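Given next are the chains, with one letter for each unit.
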Amino acid sequence: MTIFQRLFGRRADARLAVPEPVLPVRIAWGYLISITSIHLLSLLAFNPWYFSWTGVVVGFVGVLTYGLFGITLGYHRLLTHQGLVVPKWLERIFATLGVLCLEDTPARWVAIHRMHHKHSDERDDPHTPLVNFWWSHIGWLLIEHREHSTIFFYEKYARDILRDPYYLWLERKLAWFWVYAAHVVAYYLVGFAAGYVMTRDVMGAVQFGSSIVVWGVFVRTIIVWNGSWSVNSLTHVFGYRNYDTKDKSRNYWPVAIWAHGEGWHNNHHADQRSAAHGHKWWEFDATYAVIRILVRLGLAKDVVLPRAWTKADGAKAEAVVGATSSATKTVIDDDLPQGDSSPAKAA
Ligand SMILES: [Zn+2]
Ligand SMILES: [Zn+2]
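Residues numbered from 1 in each chain as written. Chains lettered and ligands numbered in written order. Predicted model: local features only at pLDDT ≥ 70, side-chain atom pairs only at ≥ 80, totals over all residues.

1. Describing the overall build of the chain
Part 1: Helix and strand content of the chain: 17 helices and 2 strands.
Part 2: Within the chain, contacts between residues separated by at least 24 positions form 65% of all contacts whose residues are at least 6 apart in sequence. (Helix = DSSP H or I, 4+ residues; strand = E, 2+ residues; numbered from the N terminus. Contact = placed C-beta atoms within 7 Å.)

Following this line, the structure appears as structure tokens:
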């Protein structure tokens, strides 16, 4: 048994084998190298030379900006589940913020996530903890899944995404990587310039610029990564269930805080298109709070609400300006991927 099978393979107490297309095990070198390098680079945060309070603040604000607008709102609720409609220019900005989280391109992220919903906690689920916990958290990223590189996979799960020329462009010639690299350089240059203005010293500028990159990019990237990965791992293992779904999804508050509301994962599996993942009053969902603000600003409409709300309290649905009851939009709710027939896209 190789070290990778030991770490990520089937354990004696596991109930599922890894998905068929990952066998025989082959390392996904691109993921292994990038995930290892960013984790190693973020360790520079422990060296005081790379510290600045500005860097810490930039990193913290970045977790909210990139993690929430890019991943939970952009990639997940908007692109994958079409739980709301925003202007195309804004959708592309959110998707770009998602690219800057280095969590795959919009099409690949959406396709893998739709596959997860279609096969949750079955063998074809790309990242179920029923294989083992570490497989669901990070292992599945480090081992090549043959199917994820096929045209058939994108055709089946992300055709609607790739119809957008910008999202298609991101797939070509590693464009997504250069976009990420360019933002690292931009962070450094802005930090360098600000550092020079403050210290009038080149080394002072280099030090300040480096602190902005280490905290504002590398530390932020691994915080957002582990938040997203925890949705795949922790919220299929820990927490309580409001709904008796056929998968193992659960509502787990630490992940709800870390990943801006995504920790209410059992609610989400029960009602996938709903843009609100917190269904009970205590289930605070930061992403949905932002969606409500976007609606008030006139930047979002056709927000799909939980069926539980609209059934229990018709008046509450009316309270959210621009909201649409998911009850009227449930035709494709449990049948991802969504193709042309999506009411949100047709609107
Ligand atoms: Zn899930
Ligand atoms: Zn989802």
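2. Some words on the nonpolar core
Part 1: Counting 43 residues, the largest nonpolar core has Leu-84, Val-110, Ala-111, Ala-275, Ile-291 and Val-303 as the members making the most contacts within it.
Part 2: Counting residues per element, the ones that place at least two in this core are helix 3 (53-80), helix 4 (88-99), helix 5 (106-118), helix 9 (165-171), helix 11 (202-232), helix 14 (286-296) and strand 1 (303-305).
Part 3: The element contributing the most residues to this core is helix 3, with 8 residues.
Part 4: Counting the residues that make up this core, at least three belong to each of domain 1 (31-236) and domain 2 (253-346).
Part 5: The contacts of Ala-275, once residues within four sequence positions are left out, are Arg-77, Gly-83, Leu-84, Tyr-288, Ile-291, Val-303 and Val-304.
Part 6: Counting residues in each nonpolar core, the second largest holds 11 residues, with Val-58, Val-213, Val-214 and Phe-218 among its members. (Core = buried A, V, L, I, M, F, W, Y, C linked by C-beta atoms within 7 Å. Buried ≥ 20, exposed ≤ 12 C-beta atoms within 10 Å, placed from the backbone. Domains from an automatic or database assignment.)

3. Here we look at helix 3
Part 1: Within helix 3, the axis deviates most sharply at Gly-74, by approximately 45 degrees.
Part 2: Trailing helix 3 by a residue or two, Gln-82 shows a phi angle of about 50 degrees, which is positive. (Bend = angle between axes of the 7 residues up to and from the residue.)

4. Some remarks on the packing of helix 10 (residues 175-199) against helix 11
Part 1: Interhelical geometry of helix 10 versus helix 11 gives an angle of 140 degrees and a closest axis separation of 7 Å. Classified by the interaxial angle, the pair formed by helix 10 and helix 11 is oblique. In this structure, helix 10 meets helix 11 at a crossing whose hand is right-handed. Here Val-184, Tyr-187, Tyr-188, Gly-191, Phe-192, Ala-194, Gly-195, Tyr-196, Met-198 and Thr-199 of helix 10 come into contact with helix 11, specifically with Gly-204, Ala-205, Val-206, Gln-207, Phe-208, Gly-209, Ser-211, Ile-212, Val-213, Gly-216 and Val-217.
Part 2: Of the residues in the contact of helix 10 with helix 11, the class split is 13 nonpolar, 8 polar and no charged. (Axes fitted to C-alpha atoms, helices over the stretch in contact; angles between N-to-C directions. Parallel < 35°, antiparallel > 145°, perpendicular 65-115°, else oblique. Left-handed = near helix turned anticlockwise from the far one by under 90°. Nonpolar A, V, L, I, M, F, W, Y, C, P; charged D, E, K, R; others polar.)

5. Some words on the environment of Arg-114
Part 1: Note on placement: Arg-114 falls in helix 5.
Part 2: On the neighbour-count criterion, Arg-114 (20 C-beta atoms within 10 Å) is buried.
Part 3: It is 9.7 Å that separates the C-alpha atoms of Arg-114 and His-76, two residues lying 38 residues apart in sequence.

6. Notes on the environment of His-148
Part 1: Relative to the helices and strands, His-148 is located in the loop between helix 6 (133-142) and helix 7 (151-157).
Part 2: With 19 C-beta atoms packed within 10 Å, His-148 lands in the partly exposed category.
Part 3: Through-space distance from the C-alpha of His-148 to that of Ile-112 is 7.6 Å; in sequence the pair is 36 residues apart.

7. So, helix 14
Part 1: Of all the residues in helix 14, the buried ones are Ala-286, Thr-287, Tyr-288, Ile-291 and Val-295.
Part 2: Contacts made by the buried residues of helix 14 are with helix 3 and strand 1.

8. A word on the environment of Val-99
Part 1: Locating Val-99 in the fold gives a position in helix 4.
Part 2: With 24 residues separating them in the primary sequence, Val-99 and Tyr-75 have C-alpha atoms 9.2 Å apart.
Part 3: Not counting residues within four places of it along the chain, the set of residues in contact with Val-99 comprises Thr-105, Leu-170, Trp-176, Val-179 and Tyr-180.

9. Focus on the packing of helix 2 (residues 29-42) against helix 11
Part 1: One can describe the packing of helix 2 onto helix 11 by two numbers: an axis separation of 9 Å at closest approach and a directional angle of 130 degrees. Classified by the interaxial angle, the pair formed by helix 2 and helix 11 is oblique. Considering how the two elements wind past one another, helix 2 and helix 11 form a crossing that is left-handed. Of the residues in helix 11, those in contact with Ile-38, His-39, Leu-41 and Ser-42 of helix 2 are Val-214, Phe-218, Val-219, Thr-221 and Ile-222.
Part 2: Looking at the contact of helix 2 with helix 11, its residues break down into 6 nonpolar, 3 polar and no charged.

10. Observations concerning the confidence of the model for the chain
Part 1: Taken as a whole, the chain shows an average pLDDT of 88; of its residues, 86% reach a score of 70 or greater.
Part 2: Segment residues 315-322 is flagged for pLDDT under 50; beyond a separation of four residues in sequence, or across chains, it makes 16 contacts in the model.
Part 3: The model gives residues 325-347 a pLDDT under 50, and that stretch makes 42 contacts with residues more than four places away or in other chains. (pLDDT = per-residue confidence, 0-100.)

11. Re unusual backbone geometry
Part 1: Between Leu-23 and Pro-24 the backbone carries a cis peptide bond, its omega angle lying at -5 degrees.
Part 2: As for its position among the elements, Pro-24 is in the loop between helix 1 (3-8) and helix 2.
Part 3: With phi around 55 degrees, Leu-102 is a residue other than glycine that occupies positive phi space.
Part 4: Despite not being glycine, Arg-200 shows a phi value in the positive range, around 55 degrees.
Part 5: Structurally, the position occupied by Arg-200 is in the loop between helix 10 and helix 11.

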